[in-house]
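# Summary of the model geometry
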Amino acid sequence: MDLASAKMVGAGLAVIALAGVGVGIGNIFAALVNSVARNPAARDRVFGLAILGFALTEAVALYALVIAFIILFV
Amino acid sequence: MAAEGSSSIDALGQFQLHTALGPIGASVNFTQANLMMVVSGLGILALLWFGMKPRAMVPGRLQAAAELSYDTMLSMCLEQIGPEGRKFFPFVFTLFFFILFGNLLGVFPYFFTFTSHIAVTLALALLVFVLVTTVAIREHGWHFFSYFVPQGIPVVLAPLLVVIEVISYLSRVISLSVRLFANMMAGHVMLEVFGAFIIMLGGLGALGYAPAGLSLALNTILIGFELLVAVLQAYVFAVLTCIYLHDAVHLH
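Residues numbered from 1 in each chain as written. Chains lettered and ligands numbered in written order. Predicted model: local features only at pLDDT ≥ 70, side-chain atom pairs only at ≥ 80, totals over all residues.

Broken down by element type, chain B carries seven helices and zero strands. The helix and strand sequence of chain B, counted from the amino end, reads α-α-α-α-α-α-α. C-alpha extents for chain B along the principal axes are approximately 70 × 60 × 40 Å. Every one of the 252 residues in chain B was classed for burial, and the buried ones make up 27%. Pairs at least 24 residues apart make up 59% of the contacts formed inside chain B by residues separated by at least 6 positions. (Helix = DSSP H or I, 4+ residues; strand = E, 2+ residues; numbered from the N terminus. Buried ≥ 20, exposed ≤ 12 C-beta atoms within 10 Å, placed from the backbone. Contact = placed C-beta atoms within 7 Å.)

And the structure:
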């Protein structure tokens, strides 16, 4: 395998981490739907927390994405 | 940088720094990132100055924006830090708006996102880290170091947990800076990659027109998503700063 194709494969492997992030974001919004269904009055407060959790989880996806970009382009 | 061959996409070229403002800028190494920082600083001042100038009882749109932003940040500070939050409000407000304007300016064509550089975000994160540690030591003195020993743990586990706590305290700098940097960089690389797809697919002839249109549509959606990310990441940075400040003021 030459270096160029190894880079492509490596970048592909790096973004496997996105599977975990998908599960995480799914969990966050499942919990949000759950809690709003149980207590609709808490919606505004819980929504802010969910967005914060979403942003923190999404950042993990971007770490993987940045590694893939570094492998591909640098 | 991958620039060889017409088939490769130069996705990182957009982050290169050039000197701005002609020969004067070149002589002091004034780059377009610095220019954008000045622009965002002036933008914040303009929003607050022109927003609050009318001082109308029923606020207009600009005044509403200025008042709403002030209110939101103040309530966030008081909510997260507690009554001491009023002291830190100017810092958090400035930090939030500097990052927000930096992120939002990057969405405009021909503008530059200075928050997509790790040097800038690391400097901001270090600023927060030094402030938090200074506040904690000033408030609590030597007692501050009890922060690294979680309450009610077995003595056997203490050495291990202290090491973990110290590492997690220090890694705040990295997570805070890389989060903002990665979000802004990944977003702009994505825009660039799909933008390159449009040109590549359009060059294929009739067969490529439909996929090219599709990636144009996707790019349009991505710009909307970038707007969301820009506001969200500035907010997350400010909220985390508040949470760290809460830890510093209250310990545990």
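Still to come is the rest of the account.
When helices and strands are counted, chain A shows three helices and zero strands. For chain A, the α and β elements follow one another from N to C terminus as α-α-α. Radius of gyration (C-alpha) of chain A: 17 Å, far over the 11 Å computed for a compact globule of 74 residues. Counting only C-alpha atoms, chain A reaches 60 × 15 × 10 Å along its principal axes. Here chain A, with 74 residues, has 14% of them falling under the buried criterion. In chain A, once contacts between residues fewer than 6 apart in sequence are set aside, the share between residues at least 24 apart is 74%. (Rg over C-alpha atoms; globule rule 2.2 N^0.38 Å.)

Below, the discussion takes up the interface of chain B and chain A. Every contact between the two is made by 14 residues of chain B and, on the other side, 11 residues of chain A. Mapped onto the side of chain B that touches chain A, the elements with two or more residues apiece are helix H6 (158-202) and helix H7 (209-250) of chain B. Broken down by element, the residue count for the side of chain B that touches chain A peaks at seven residues, all from H6 of chain B. Of the residues assigned to the side of chain B that touches chain A, the class counts are 11 nonpolar, two polar and one charged. (Nonpolar A, V, L, I, M, F, W, Y, C, P; charged D, E, K, R; others polar.)

Time to look at unusual backbone geometry. Only a minority of non-glycine residues have a phi that is not negative, and only a minority of peptide bonds are not trans. The phi angle at Asn29 of chain B is positive, at roughly 55°, despite the residue not being glycine. Structurally, Asn29 of chain B is set in the loop between helix H1 (22-27) and helix H2 (32-52).

Our focus in this paragraph is the packing of helix H5 (residues 118-140) of chain B against H7 of chain B. All names here are of chain B. At a minimum axis separation of 8 Å, H5 and H7 run at an interaxial angle of 20°. Comparing the axis directions of H5 and H7 gives the class roughly parallel. When you trace H5 past H7, the crossing you get is right-handed. For the pair H5 and H7, contact is made by Val128, Val132, Val135, Ala136 and Glu139 and by Thr241, Tyr244, Leu245, Ala248 and Val249, respectively. For the contact of H5 with H7, the per-class residue count stands at eight nonpolar, one polar and one charged. (Axes fitted to C-alpha atoms, helices over the stretch in contact; angles between N-to-C directions. Parallel < 35°, antiparallel > 145°, perpendicular 65-115°, else oblique. Left-handed = near helix turned anticlockwise from the far one by under 90°.)

Here the focus is the nonpolar core. All names here are of chain B. Formed by 56 residues in total, the largest nonpolar core has its most connected members in Val92, Phe96, Phe237 and Ala238. If you tally residues by element for this core, the top one is H7, at 13 residues. When residues no more than four places from it in sequence are discounted, the contact partners of Phe237 are Leu95, Ile99, Leu176 and Leu180. (Core = buried A, V, L, I, M, F, W, Y, C linked by C-beta atoms within 7 Å.)

Another point: H7 of chain B. Helix length check: H7 of chain B, at 42 residues, gives a terminal C-alpha distance of 60 Å against a target of 62 Å (1.5 Å per residue), a fit within 8%. One or two residues past the end of H7 of chain B sits Leu251 of chain B, with phi positive at roughly 50°. (Expected span 1.5 Å × (residues − 1).)

With 12 residues, helix H1 (residues 3-14) of chain A ought to run about 16 Å at 1.5 Å a step, and its terminal C-alpha atoms sit 16 Å apart, in line with that. Little of H1 of chain A is tucked away, with zero of its 12 residues classed as buried.

So, about the packing of helix H2 (residues 17-38) of chain A against helix H3 (residues 43-73) of chain A. Residue and element names in this part refer to chain A. Between H2 and H3, the shortest axis-to-axis distance is 9 Å and the interhelical angle comes to 175°. Relative to H3, H2 is oriented roughly antiparallel. Residues Ala17, Leu18, Val21, Gly24, Ile25, Ile28, Phe29, Leu32, Ser35 and Val36 of H2 pack against Arg43, Val46, Phe47, Ala50, Gly53, Phe54, Thr57, Glu58, Val60, Ala61 and Ala64 of H3. Taken together, the residues that form the contact of H2 with H3 break down as 15 nonpolar, four polar and two charged.

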